[in-house]
Amino acid sequence: MTCNGSCSRTLEDTKLLARSAKLNPSEYNATRHTIMIPETPPEDFKIFQISEDMLKYLEDGSQLHIRGGENTHAMVFTAKESFELKSCETSNSLLFVTNLEIDEGQEETLKISQIVHTDHIYFELRPAIPKFANLKSMLLECPYTGAIHEKDSNSGKYMLDDFHSLVQASDEQLFEFLDTLNVIQHEGYFRMLSDKYYTHVVMLIMRRIEEESYKSDAIPKDECLGCLKELEPDFILDFVFGKIAEPTESEGIFKIREREICRFYSHYILSDFDKMRLSEFEEVVIASLPEGVNWDITHLDDVTVIITHESSNEKFITYFPEKDLSEQPMARFTSLFRVKPKWTLEEITPFVRNLVGPKDNVNSLILKFARSSADKSGVKYYTAKF
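Bear in mind the structure is a predicted one, so any value in this text is a computation, not a measurement.

Novice: What is the right way to look at the overall build of the chain in this model?
Specialist: Counting its secondary structure elements, the chain contains 13 helices and 18 strands. By the compact-globule yardstick of 21 Å for 386 residues, the chain is too spread out, its C-alpha radius of gyration being 31 Å. Taking the principal axes of the C-alpha coordinates as reference, the chain spans close to 100 × 60 × 40 Å. A buried classification covers 37% of the 386 residues belonging to the chain. Taking as baseline every contact in the chain between residues at least 6 positions apart, the subset at least 24 positions apart corresponds to 63%. Here the chain has roughly 23700 Å² of accessible surface; of this, 48% comes from carbon and sulfur atoms. Taking the average location of the 43 positive side-chain charges in the chain and that of its 65 negative ones, the two points are 7 Å from each other.

See below:
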């Protein structure tokens, strides 16, 4: 029962109302509540429905962050995950009141509570993929092209707080994505190395490895980089070396990351061509790799596309990195089917798996935008639906 402003309702009044409503005293608790409607508007806050794991996360002292802009939907972030906000309506209003205590004793009492919020809308948090559409363009505003080209101005440079304001991703997801790019943190700013400069530094290191006849799985880092420090800054050499080599069990000894070096030389070779015969490409790239590094074309599963000409059955390869494609599913599938009319599941999956949320699967996404058919040999292919 409710009343406005100051309330003078007594326990006898509640009994009378109960009898008028034909309520049996044995069916309700001895504690009665009079709920007051405030004279001033209730407090304005939002209601979220969260999981037990999320509740524990918050009870442990962690925080949620809500980010969005004029042209983007608001999203919620923990330190590791991203969630979309889904607005839901209730058939009845939700009332939030103060001092709502349930006394299971037998003594009849009257308690007064006040409404602090009324709502018929709450928000669900649904796991979602992060949004990085504007991150790369931000990093390209002021790429790092070498110490001699640095300017005093910080225009076009971004710190972590800037990313928090402009990029919809958790911190863990943000750093994982930055790790897929050639991004350094220098003087507090995140800077992406230009392709030309990154290629230059990798080539310096690879020439040094070749000149000293280091084995691809036994490279002494300090010795390898020692004389190169006269040419490039320490932090750049250390960063680039870490991209193409990984530590072994022996202290100070590193080995080439086969996947990374295969992708590097493939990009380097294909960047001058719209497309290249696959046989010629593999011949060139294998000859470019350091001795001891094994060539595996599956290392290129999300950065190149192999196209077979129907008339000649000849295979060509083109550079087509997944990270440059649109985050919008329709636009991405349009680009994929434009470059190659039909795909197998194995071929297309690396280019669309980043569009799939934690609780979704790739097959369901593909079938929204593609139709499947099988050839005479039973191989299933996907072609454009729209």
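Picking up after the structure, the text goes on.
Novice: Honestly, the pairing of strand β8 (residues 183–186) in this entry has me stumped. Any pointers?
Specialist: Consecutive side chains of a regular strand alternate in pointing toward one face of the sheet and then the other. Direction of pairing for β8 relative to strand β9 (residues 189–192): antiparallel, over a ladder of four bridges. Directly across from V183, in β9, lies its bridge partner M192. Connecting β8 to the next strand, β9, in antiparallel fashion are two residues, including E187 with a positive phi near 55°.

Novice: Where do I start with the sheet that holds strand β18 (residues 380–384) in this structure?
Specialist: Strand-to-strand pairing in sheets goes through backbone hydrogen bonds, with the strands running parallel or antiparallel. Read from one edge of the open sheet, three strands run β16-β18-β17, paired in antiparallel fashion. With one partner strand each, in any of the chains shown, β16 (342–343) and β17 (370–374) form the two edges of the open sheet.

Novice: Just checking my understanding: could you explain the pattern of salt bridges for this structure?
Specialist: Two side chains of opposite charge can pair, provided their charged atoms sit close to one another. Across all of its chains, the model carries 14 salt bridges by this definition. For D60, the salt bridge is made with K56, and the minimal N-O distance between the two is 3.1 Å. One exposure class covers both D60 and K56, and it is exposed. Here R191 ties to E150 by a salt bridge, and the two come within 2.9 Å at their closest N and O atoms. Here R191 is found in strand β9, whereas its partner E150 is found in the loop between α3 (135–139) and α4 (160–166), with 41 residues between them in sequence. Relative accessible area serves as the criterion here: at 27%, E150 is assigned to the partly exposed category. Each member of the salt-bridge network shares a partner with another, and the members are R259, R263, D301, D302 and R353.

Novice: Would you mind showing me how to read the layout of surface pockets here?
Specialist: Over the atoms a probe the size of a water molecule is rolled, and this reveals where empty space is left. Its boundaries defined by the atoms lining it, the second largest pocket holds a volume of some 920 Å³. Ranked by the residues each element gives to the lining of the second largest pocket, the list is headed by helix α13 (residues 362–369), at four residues. Class assignment of the residues belonging to the lining of the second largest pocket gives a composition of 15 nonpolar, twelve polar and seven charged.

Novice: Hey, could you run me through the sheet that holds strand β15 (residues 315–319) in this one?
Specialist: In space, the three strands of this open sheet follow the order β13-β15-β14, with antiparallel pairing throughout. Only two strands of the sheet have a single partner each, and these edge strands are β13 (276–277) and β14 (304–308).

Novice: Honestly, a nonpolar patch on the surface in this entry has me stumped. Any pointers?
Specialist: On the surface, F48, I50, L55, L58 and I66 cluster together into a nonpolar patch covering about 370 Å² of accessible area. By secondary structure assignment, the location of L58 is in helix α2 (residues 52–59). Note on L58: relative accessible area 31%, which makes it partly exposed.

Novice: I tried to follow the side chain of K157 on my own but got confused; where do I start?
Specialist: Among the secondary structure elements, K157 is positioned in the loop between α3 and α4. Here K157 occupies a buried position and makes no salt bridge, while the nearest side chain of opposite charge, E150, is found at 4.1 Å. A distance of 3.3 Å separates a polar side-chain atom of K157 from the backbone oxygen of S153. Among all residues touching K157, those that are not within four sequence positions of it are C142, E150, K151, D162, Y189 and R191.

Novice: Just checking my understanding: could you explain the nonpolar core for this structure?
Specialist: If you look at soluble globular proteins, the nonpolar side chains tend to sit buried side by side. One finds L193, I205, V240, I261 and F281 to be the most contacted residues of the largest nonpolar core, which totals 41 residues. Elements represented by at least two residues in this core include exactly α6 (195–211), α7 (221–226), α8 (234–244), β12 (253–256), α9 (258–270) and α10 (278–288). Other than its neighbours up to four places away in sequence, V240 contacts L193, Y198, V201, V202 and I205. One finds L336, I348, V362 and A370 within the second-largest nonpolar core, a separate group that totals 18 residues.

Novice: Before we go on, may I ask you to explain α9 in this structure?
Specialist: Every α-helix winds through 3.6 residues per turn, so residues three or four apart in the chain are directed the same way. Taking 1.5 Å per residue as the helical rise, α9 with its 13 residues ought to reach 18 Å, and the 18 Å between its terminal C-alpha atoms agrees with that figure. All buried positions along α9 are accounted for by I261, C262, R263, F264, Y265, S266, I269 and L270.

Cut-off values and rules
- Think of each chain on its own: its residues are numbered from 1, step by step along the sequence as written.
- Reporting of local features is limited, given that this is a predicted model, to residues whose pLDDT is at least 70; pairs of side-chain atoms are given and counted only at 80 or more, and all residues count toward the totals for whole chains, interfaces and linings.
- For the side-chain quantities, the full set of heavy atoms in the structure was used; hydrogens and water were omitted.
- A run of H or I in DSSP becomes a helix once it reaches four residues, and a run of E becomes a strand once it reaches two; helices and strands are each numbered from the N terminus.
- Only the C-alpha atoms count toward the radius of gyration. The rule for a globule is 2.2 Å times the residue count to the power 0.38.
- Remark: exposure states derive from per-residue accessible area (1.4 Å probe, protein chains only) relative to the maximum for the residue type, with buried under 20%, exposed over 50%, and partly exposed in between.
- Contact between two residues is taken to exist if any of their heavy atoms lie within 4.5 Å; hydrogens are not considered.
- Using the Shrake-Rupley algorithm and a 1.4 Å probe, accessible areas are obtained, with residue cover drawn only from the displayed protein chains.
- Neither His nor the chain termini are counted; the positive set is Lys and Arg, and the negative set is Asp and Glu.
- Here the site of a charge means NZ on Lys, CZ on Arg, CG on Asp, or CD on Glu.
- Between any two strands, at least two bridges found by DSSP are needed for them to pair.
- Whenever Lys or Arg places a side-chain nitrogen within 4 Å of a carboxyl oxygen from Asp or Glu, that contact is recorded as a salt bridge.
- Residues are said to line a cavity or pocket when one of their atoms sits within 4 Å of a point; the points come from a 1 Å grid over protein atoms alone, cavities being sets where a 1.4 Å probe fits but cannot get out and pockets being open sets with protein on both sides within 12 Å along at least five of seven lines.
- Grid points are joined across faces, edges and corners, and a volume is the space filled by probe spheres set on the points.
- The classification used treats Ala, Val, Leu, Ile, Met, Phe, Trp, Tyr, Cys and Pro as nonpolar, Asp, Glu, Lys and Arg as charged, and all other residues, Gly among them, as polar.
- Patches here: salt-bridge-free residues with over 30% relative accessible area, like charges joined within 9 Å, nonpolar side chains (Val, Leu, Ile, Met, Phe, Trp, Tyr) joined within 5 Å.
- What qualifies as a polar contact is a pair of N or O atoms within 3.5 Å, subject to a donor-acceptor requirement within protein and to the restriction that residues adjacent in sequence count only when both atoms come from side chains.
- As used here, the term nonpolar core means buried Ala, Val, Leu, Ile, Met, Phe, Trp, Tyr and Cys residues forming a set that is joined through side-chain atoms within 4.5 Å.
- Here a helix's expected span is defined as the number of its residues, less one, multiplied by 1.5 Å.

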